[in-house]
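Spelled out from the first residue to the last, the chains are:
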Amino acid sequence: MTAPLVLPPKLDLPAAGPLAEALRARLDGDLEVDAGEVTHLGALCLQVLLSAATSLRAGGHAMTIRHASDRLLEQMSQMGFTPETLAEGREWA
Amino acid sequence: MSDQNDPMAEIRASFFIECEELLEALQDGLQELDDGSEDPETINVVFRAVHSIKGGAGAFGLETLVRFAHRYETVLDEVRNGSLHPDSEAMKLFFLAADQLSDLVRASRDDTPLPEETSEELLGRLDALLGDEGGSEEVEPADFTPMGLSLSLDLPDLDAGPALNRITVRFKPEQELFATGNEPQMLLRNLAALGEAKIRCDMSDLPLLPDLAPETPYLQWIVELETEASEPEIRDIFEFVDGLCEIEISGGEEDSAPLAESAPPPPAPPPEVPKPAAVSPPVAAPTGSAPVASPPAAPAAAAVADKDGEGDGRKGATAAKSVVRVDLERIERLVNLVGELVINQAMLSQSLDEAGLSPHSDAMNGLEEFQRLTRDIQDSVMMIRAQPVKSLFQRMSRIVRESSAAVEKDVRLVTEGEATEVDKTVIERLSDPLTHMIRNAVDHGLETAEKRLAAGKSKAGTVTLTAAHRSGRVIIEVADDGAGINRPRVQEIAVNKGLISPDVQLSDSEIDNLLFLPGFSTASKVSNLSGRGVGMDVVKTAIQSLGGRISINSEPGKGTTFSISLPLTLAVLDGMVVNVAGETLVLPLNVVVETLSLGPDDVQMLRPGAYVVRVRGGFVPLYDLGVMLGYRSSRKTGEGSIVLLISLEDGSRAALVIDGIQDQRQVVIKGLDDSFYRAPGIAAATILGDGQIALILDPADIIAGMGHIRGSDFMFSERMTANE
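Named according to an unreviewed UniProt entry, chain B is Chemotaxis protein CheA originating from Pseudooceanicola albus. Taken directly from UniProt, the Catalytic activity (unreviewed entry) text for chain B runs: "ATP + protein L-histidine = ADP + protein N-phospho-L-histidine." What UniProt states about chain B under its Function (unreviewed entry) heading is, verbatim, "Involved in the transmission of sensory signals from the chemoreceptors to the flagellar motors. CheA is autophosphorylated; it can transfer its phosphate group to either CheB or CheY."

Naming follows an unreviewed UniProt entry, where chain A appears as STAS domain-containing protein of Pseudooceanicola albus.

In structure tokens, the structure reads:
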């Protein structure tokens, strides 16, 4: 596994594009995402992460999300996720 | 606003009006928080104000405003959910941000350049508040197992009262929702706060990453809610994102409706995970299942409390008053029409008089009734324009904050009588003079912290701003608890500037009044705040142009109070109609103390050109109105002349010689156009019952004019009055 992808603190609308870019470059192997700095997770970035997780899983790889703060956990939970369920992405036939 | 036919412009205009109210609520709320309010509703009000501004701004594409409000709101939200406890520094920052928000609102409204630099700086500092918090969280161990969210929010609460509704909400945000700075997370959280919530995310539309357009929303949420809230309350949550998302609310009966009823069944139906599992250690997450989680217990509990507060607040707000927004122009027109009505009624009464009807005739009785009605209508119309001075006072609290920071003094502003109502036009025109007076109080009135401590006072100075109605006028006072006016210094400066002669003896109040002389400034060093060459004389002129008076009361060591007395309205005036040299003039009735007929020994000459009249054992300076206004050259002060004794706000008195008194009546003030030469002593004009135009006099200006012409005379006579 290569170095973890460190997420920026604010994952809001402007961050969605760059995040998708960064993740597209990392779909070829297991991916560790370091969420330690994240203070805000918006729904657009959430779906980028979900989509990345789904893509990784479809390609036989796994995503892990680490260092999520309580605040981030709460935000995820408010949108119906935990780091684990997020890292699973959606079922992909 | 410029284009009245454009419905969008109208909506936009009403949004900005609403913004003013929200900003007011924001200020109030912050003040309460700053005063240590523990009421959770307070922070809710603050949060809602910013949130509503953001919502509206989003609808009009005011991106800068949205962006600022959004980030401000994010921080307030942290306060609201209890994870941020603002200290006094943070409160100061919140106030600054509120000021900035109001600047942004006004700049957006007026299409003026937005103060973006300040925004950035403030946003940085606001983010830092969050950052610190985030920082503390970063120290959390890598595996977040010990999250303090021990969840006891288990199923047992199913046995809660039978009144709970089971409601399913399907919520699909659209792209515009994000573009306007909204976040589903916040809406979902508010929804969850309404009761027991199971939140599922439907990802069935989500493409693989290579096909994903990052700014297109693909997700939707299904929230199963067990709540006491009704459907309208749920819809309220989505009020600001109306049209920016798809909302489906179903259920509402006690019986639980099948969850997927309203939601398109996702290809992989996400099985529900009981709450505790959602936050249990990683192993507990069942593999292969779609994600499900529920809000952790603690925030949920807090959020419920929050919801209660919010509910009450809303109820309170709606129950308070129902109001109609009316374009000011329409009110102006009504005021003008009523003015015409008053004039017309006066004409009618005059012609009935001239027709020689008996005062007991039906026509005269009817006329009396008509007069009363006219007056009532007029009062009511004036009340429509009346507004509480609160908004003005709030602006002043900002001035205090800014000016005290500029001179590095600790200043507290106390306001009283915020609910006092004054004509809107008066309020608008009071802002500048009041700003100047407040700055003056902070800069010159209050001492430095060291001097205050040395004088045995508290370190922080207090500026008190009060408003009250007193005998048909509004009194506004700006008081400081500073050192009081340094009278020897004031006199010295006036002498140095050649404003008075060195040998003149002045009473305390005369010295205080020197501050109002043009070109006077006591600031020995020019500070940022004052000393811009704008003195109290400008304030005085501004107040006078409103038909008001300003006076000073200062006690050494204890402070200085500036009092402004204003008419309640600028539209009508109770006047005394008099004749002078063939002209009809109107004097404001409130200055007239009594009318006299000169006796043989009443008038005494002080020296050539300066006369006084004896009134009840005292002397009052005597002026001939006809001469003062230039209608005649020779003075008419002989026996039998009619004299009006007038008393001004500052306590000075004078006797004016006139030729005759016509009537005492209400007149409609017609402003003199700016293109007219501003004649000294003339305040405005009016149209009388016979259609004749009469000038309305400003007695204080006339007397002051005399003071300018013959300063020492005026001073002398005034002192004489004071010694009576």
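A. Representation of the overall build of chain A within the structure. A tally of regular secondary structure across chain A gives 4 helices and 5 strands. When its helices and strands are written in sequence order, chain A yields β-β-α-β-β-α-β-α-α. In chain A, which comprises 93 residues, the share counted as buried stands at 62%. For chain A, long-range pairs separated by at least 24 residues make up 85% of all intrachain contacts whose partners lie at least 6 apart in sequence.

B. The overall build of chain B, seen in detail. Summing up its helical and strand segments, chain B has 21 helices and 23 strands in all. For chain B, the residues scored as buried account for 37% of the 724 residues in total. Of the contacts formed within chain B by residues at least 6 apart in sequence, a portion of 69% connects residues at least 24 apart.

C. A look at the UniProt feature "modified residue: Phosphohistidine" (unreviewed entry) in chain B. Residues and elements named next belong to chain B. The UniProt record marks His51 with the feature "modified residue: Phosphohistidine" (unreviewed entry), using the residue numbering of this structure. One can find His51 in helix H2 (residues 40-59). Look at His51 and you get buried, because 22 C-beta atoms sit within 10 Å. Ignoring anything within four residues of it in the chain, the contact list for His51 reads Glu73 and Phe240.

D. Quick peek at unusual backbone geometry. Residues and elements named next belong to chain B. Residues other than glycine seldom take positive phi values, yet Asp111 does so here, at roughly 55°. Counting through the fold element by element, Asp111 comes out in the loop between helix H4 (88-110) and helix H5 (116-138). Phi angles above zero are rare outside glycine, and Glu408 is one such case at about 55°. Note on placement: Glu408 falls in the loop between helix H13 (390-406) and strand S7 (411-416). The class for Glu408 is exposed, based on 8 C-beta atoms found within 10 Å.

E. Representation of the sheet that holds strand S13 (residues 572-580) of chain B. All names here are of chain B. One open sheet accounts for 5 strands, arranged S21-S13-S14-S23-S22; its pairing is mixed. Two strands lie at the open edges of the sheet, namely strand S21 (660-668) and strand S22 (682-687), each paired on one side alone. Sheet twist, expressed as the mean angle between neighbouring strand axes with direction ignored, is 35°. As paired elements, strand S14 (residues 583-588) and strand S23 (residues 693-697) share 2 bridges and run parallel to each other. Bridging from a neighbouring strand, Leu585 pairs with Leu695 of S23. On top of the sheet, helix H11 (residues 328-354) reaches S21 and S22; it is set at about 145° to S21, its chief contact.

F. Fine view of the packing of helix H1 (residues 13-24) of chain A against helix H2 (residues 43-58) of chain A. Residues and elements named next belong to chain A. It is at 8 Å that the axes of H1 and H2 come closest, and there the two elements cross at 15°. The orientation of H1 with respect to H2, classified from their angle, is roughly parallel. Where H1 crosses over H2, the two elements pack in a sense that is right-handed. Between H1, through Leu13, Ala15, Ala16, Leu19, Ala20 and Leu23, and H2, the contact on the second element is made entirely by Leu44, Cys45, Val48 and Ala52. For the contact of H1 with H2, the residue count by class is 10 nonpolar, no polar and no charged.

G. Main features of the sheet that holds strand S3 (residues 31-34) of chain A. Residues and elements named next belong to chain A. Across the sheet, 3 strands lie side by side as S1-S3-S5; this open sheet has parallel pairing. Two strands lie at the open edges of the sheet, namely strand S1 (5-6) and strand S5 (63-66), each paired on one side alone. Two elements, S1 and S3, share 2 bridges in a ladder whose sense is parallel. Bridge pairing in S3 links Val6 to Asp34.

H. Molecular detail of H4 of chain B. Residues and elements named next belong to chain B. The terminal C-alpha atoms of H4 lie 33 Å apart, and with 23 residues this matches the ideal 33 Å at 1.5 Å per residue to within 8%. Those residues of H4 that sit buried are Phe94, Ala97, Ala98, Leu101, Ser102, Leu104, Val105 and Ser108. Where H4 terminates, the next one or two residues include Asp111, which has phi positive at roughly 55°.

I. Spatial organisation of the packing of helix H1 (residues 7-34) of chain B against H2 of chain B. Residues and elements named next belong to chain B. As a packed pair, H1 and H2 sit with axes 8 Å apart at the nearest point and diverge in direction by 155°. When the axis of H1 is compared with that of H2, the two are roughly antiparallel. Our pair here, H1 against H2, has a crossing hand that is left-handed. Here Phe15, Glu18, Cys19, Leu22, Ala25, Leu26, Gly29, Leu30, Glu32 and Leu33 of H1 come into contact with H2, specifically with Thr42, Ile43, Val45, Val46, Ala49, Val50, Ser52, Ile53 and Gly56.

J. How the structure looks around the confidence of the model for chain B. All names here are of chain B. When pLDDT is averaged along chain B, the result is 76; 78% of the residues meet or exceed 70. Looking over chain B, one finds the lowest element-wise mean pLDDT in helix H21 (residues 711-722), namely 35, and the highest in S14, namely 91. This model gives residues 253-319 a pLDDT under 50, and the stretch forms 124 contacts once residues within four places in sequence are excluded. In this model residues 708-724 is a low-confidence stretch, pLDDT under 50, and it forms 20 contacts with partners more than four residues away in sequence or in other chains. Confidence estimates for the predicted assembly give a pTM of 0.50 and an ipTM of 0.94.

K. Structural view of the environment of Lys451 of chain B. Residues and elements named next belong to chain B. Mapped onto the elements, Lys451 comes out in helix H15 (residues 449-454). The exposure class of Lys451 is exposed, given the 12 C-beta atoms found within 10 Å. Along the sequence, Lys451 and Gly482 sit 31 residues apart, while their C-alpha atoms lie 9.8 Å from each other.

L. Representation of the nonpolar core. Core analysis: the largest hydrophobic core is formed by 63 residues, its most contacted members being Cys45 and Val48 of chain A together with Leu191 and Val223 of chain B. With 10 residues, H2 of chain A is the single largest residue contributor to this core. Counting residues in hydrophobic clusters, the runner-up holds 44 residues, among them Val338, Val580, Val592 and Ile646 of chain B.

M. Representation of the environment of Leu76 of chain B within the structure. Along the chain, the position of Leu76 of chain B falls in helix H3 (residues 63-80). Ignoring sequence-local partners within four residues, the contact set of Leu76 of chain B consists of Ile43, Val46, Phe47 and Val50 of chain B.

N. View of H3 of chain B. Residue and element names in this part refer to chain B. For H3, with 18 residues, the first-to-last C-alpha span of 24 Å sits near the 26 Å given by 1.5 Å per residue. Among all positions of H3, only Leu65, Val66, Phe68, Ala69, His70, Arg71, Tyr72, Glu73, Thr74, Val75, Leu76 and Arg80 are buried. Following H3 by one or two positions, Gly82 adopts a phi angle in the positive range, close to 85°.

O. Representation of the environment of Asn182 of chain B in the model. Residue and element names in this part refer to chain B. Along the polypeptide, Asn182 turns up in the loop between helix H6 (175-179) and helix H7 (184-192). Put simply, Asn182 and Arg67 are 115 residues apart on the chain and 10.0 Å apart in space, counted from C-alpha to C-alpha. The contacts of Asn182, once residues within four sequence positions are left out, are Gly58, Leu177, Phe240, Val241 and Leu244.

The rules behind these values
- Residues numbered from 1 in each chain as written.
- Chains lettered and ligands numbered in written order.
- Predicted model: local features only at pLDDT ≥ 70, side-chain atom pairs only at ≥ 80, totals over all residues.
- UniProt positions renumbered as here; feature names shortened; annotations may be inferred.
- Helix = DSSP H or I, 4+ residues; strand = E, 2+ residues; numbered from the N terminus.
- Buried ≥ 20, exposed ≤ 12 C-beta atoms within 10 Å, placed from the backbone.
- Contact = placed C-beta atoms within 7 Å.
- Pairing = 2+ DSSP bridges.
- Axes fitted to C-alpha atoms, helices over the stretch in contact; angles between N-to-C directions.
- Parallel < 35°, antiparallel > 145°, perpendicular 65-115°, else oblique.
- Left-handed = near helix turned anticlockwise from the far one by under 90°.
- Nonpolar A, V, L, I, M, F, W, Y, C, P; charged D, E, K, R; others polar.
- Expected span 1.5 Å × (residues − 1).
- pLDDT = per-residue confidence, 0-100.
- Core = buried A, V, L, I, M, F, W, Y, C linked by C-beta atoms within 7 Å.

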